[in-house]
Amino acid sequence: MSASTSDERIDLAVPSKRWHWKKPLGQTTVLQSFAFDDSRQRLYVLQMMQGGIRLSGEPRACTGTERRQRGDMCLNQLDFKGALLGRMYLLGHGHGVGMGVERDAAGATWIWTEADARVADSMAFGRGITRFRFVDRQVRRSSAEAARHPVEGSTANQPSVDMSRKRIAVRHRIGGEVRYRVFSLAHAVAGDFSKPLHDFAQTAAHPDPDIDFQGFALYGNYLYQLAGEPYGPANPRSGHGNTYVSCIDIRTGEPVQRTRTGAGYSLDHREPEGLAVRRTGKPRLCMGFASGEPGARRYSIYYKQHA
């Protein structure tokens, strides 16, 4: 099977296939985002903390409101069968809408997440991003001094890394608008965000602009988006949900495709959460879904594979 070039756009109209089904994570909250280390067959998943942190590094109980206000997250490391291998605790980092995984020239794995969380409307989102190594059971605290700020004055910063082109996209809010900037990964590692390769507004994630944005992924010359809500009275299971996936050409900032997906429609709750590209022989656009009751959430992953 020949390798695909990173410029090939993944057709969002192809049927979705199931990969992981109702798997547990280190916390009992929903997943927020995920990313792959394909060379080592590792899956990294972010979720909000179900509680605070004791000095021992173990979680303690607290309310959902307290959890959201602090921006504390759990970073899970799993193998490709879904077995939990370890976890980190990220304090004050943000909400986890996006993340990325980088392999450097020496073969080391680095994690990118939002950082320097600020509370607004009982939600905590990062004013910057950060890069670090995964260390099982480590508690990592975020600060403004340690964070990188790609777009000064922006809020709700979230990264996505594309190792096929060695670039990083940063979704952010500035001046009341949600935008993306794409940078050279090497420049981002060096802390140089002065020369973005692309800069464009977020568009066309969902036909209803009030529906929740749930994730994005950069791959080649395209950026993919996920939006939708969990099942409820206005979004019944019988209708297979209101989740949409969409695609933007980063060279023009223009939307090129958008489609509703019924992937995982039989799940209870079924909240879309997270989007990532797995670099196989044929790239796979992977969509995350949360299911289960509050306090007992599980995750599932479906994918659309390039033809």
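The paragraphs below set out a description of the structure included in this document. Note that the structure is a prediction, hence the values are computed from the model and not measured. (Residues numbered from 1 in each chain as written. Predicted model: local features only at pLDDT ≥ 70, side-chain atom pairs only at ≥ 80, totals over all residues. Heavy atoms only, no water.)

## Re the overall build of the protein chain
The number of helices and strands found in the protein chain is two helices and 22 strands. A compact globule built from 307 residues would reach a C-alpha radius of gyration of about 19 Å, and the protein chain, at 18 Å, matches this within 12%. By principal-axis analysis of the C-alpha atoms, the protein chain measures approximately 50 × 50 × 40 Å. By the burial criterion, 57% of the 307 residues in the protein chain qualify as buried. (Helix = DSSP H or I, 4+ residues; strand = E, 2+ residues; numbered from the N terminus. Rg over C-alpha atoms; globule rule 2.2 N^0.38 Å. Buried < 20%, exposed > 50% of the residue type's maximum accessible area, 1.4 Å probe, protein only.)

## Digging into the packing of aromatic side chains
A full pass over the atoms with the stated rule returns nine aromatic pairs. Summarising the aromatic geometry, the rings of F34 and F36 are spaced 5.8 Å apart at their centres and angled 85° between planes, so their arrangement reads as edge-to-face. Taking relative accessible area as the criterion, F34 reaches 1% and is therefore assigned buried. Ring plane angle 35° and centroid distance 5.4 Å describe the contact between Y180 and F200, whose orientation is recorded as tilted. (Phe/Tyr/Trp six-rings, centres within 6.5 Å; stacked < 30°, edge-to-face > 60°.)

## Observations regarding the sheet that holds strand β22 (residues 298-305)
With antiparallel pairing, four strands are arranged side by side in an open sheet as β1-β22-β21-β20. Looking at the sheet topology across the chains shown, the edges are occupied by β1 (17-23) and β20 (271-278). Averaged over all neighbouring strand pairs, the angle between strand axes comes to 20°, with direction disregarded. In terms of strand pairing, β1 meets β22 through four bridges, oriented antiparallel. (Pairing = 2+ DSSP bridges. Axes fitted to C-alpha atoms, helices over the stretch in contact; angles between N-to-C directions.)

## Quick notes on the side chain of R140
Within the element layout of this structure, R140 appears in strand β11 (residues 139-141). Of the side chains with opposite charge, D116 comes closest to the buried, unpaired R140, at an N-O distance of 11 Å. Side-chain polar atoms of R140 contact the side chain of H93, separated by 3.0 Å. Other than its neighbours up to four places away in sequence, R140 contacts M88, Y89, L90, L91, H93, T130, R131 and F132. (Lys, Arg positive; Asp, Glu negative; His and termini not counted. Salt bridge = Lys/Arg side-chain N within 4 Å of Asp/Glu carboxyl O. Polar contact = N/O pair within 3.5 Å; in protein donor to acceptor, adjacent residues only side chain to side chain. Contact = heavy atoms within 4.5 Å.)

## Some points on unusual backbone geometry
Residues other than glycine seldom take positive phi values, yet A204 does so here, at roughly 55°. Of note, A204 is situated in the loop between β15 (198-201) and β16 (213-219). For H240, which is not a glycine, the phi torsion comes out positive at approximately 65°. Of note, H240 is situated in the loop between β17 (222-227) and β18 (244-249).

## Quick look at the nonpolar core
Of all hydrophobic cores here, the largest spans 17 residues; its most connected members are L12, Y224, L275, L285, M287 and F289. Within the residue set of this core, elements represented by two or more residues are β16, β17, β18, β20 and β21 (284-291). Excluding residues within four positions of it along the chain, L12 makes contact with Y224, V245, S246, C247, Q257, T259, L285 and K304. Formed by 15 residues, the second largest nonpolar core is a distinct cluster that contains L25, L43, V45 and A290. (Core = buried A, V, L, I, M, F, W, Y, C linked by side-chain atoms within 4.5 Å.)

## Quick word on the pairing of β16
Successive side chains on a regular strand alternate, one facing one side of the sheet and the next facing the other. β16 sits mainly inside the fold: seven of its seven residues count as buried. Here six bridges tie β16 to β17, and the two strands are oriented antiparallel to one another. Looking across to β17, one finds that F213 is bridged to A227.

## Focus on the environment of G26
Relative to the assigned elements, G26 resides in the loop between β1 and β2 (31-37). Spatially, the C-alpha atoms of G26 and L85 are 9.6 Å apart, while their sequence positions differ by 59 residues.

## Some details on the sheet that holds strand β19 (residues 254-260)
Spatial ordering of the open sheet is given by β16-β17-β18-β19, a layout of four strands whose pairing is antiparallel. Each edge of the sheet is formed by a strand with only one pairing partner; in this case those strands are β16 and β19. This sheet shows a mean twist of 20° between the axes of neighbouring strands, independent of strand direction. In the sheet, β18 pairs with β19 via six bridges, with the strands oriented antiparallel.

## Some points on the environment of G253
Secondary-structure assignment places G253 in the loop between β18 and β19. Spatially, the C-alpha atoms of G253 and A146 are 31 Å apart, while their sequence positions differ by 107 residues. For G253, the contacting residues outside a window of four places in its chain are F200, T203 and I248.

## Here's the deal with the state of the cysteines
For the structure on display, the rule yields zero disulfides. In this structure C247 is a free cysteine whose sulfur lies 15 Å from that of C286, the closest cysteine sulfur available. Judged by its relative accessible area of 2%, C286 is buried. (Disulfide = S-S within 2.5 Å.)

## Looking at the pattern of salt bridges
Scanning the model with the defined rule gives nine salt bridges in all. The partner of R103 in a salt bridge is D37, with the nearest N and O atoms 3.5 Å apart. Linking R103 in strand β8 (residues 100-103) with D37 in strand β2, this pair joins segments that are 66 residues apart in sequence. A salt bridge links D199 to R179, with the nearest nitrogen and oxygen atoms 3.1 Å apart. Note that D199 is positioned in strand β15 and R179 in strand β14 (residues 177-184), a separation of 20 residues in sequence. On the basis of relative accessibility, which here comes to 38%, the residue D199 falls in the partly exposed class. Overlapping salt bridges, with partners in common, bring together E177, R179, R181 and D199 in one network.

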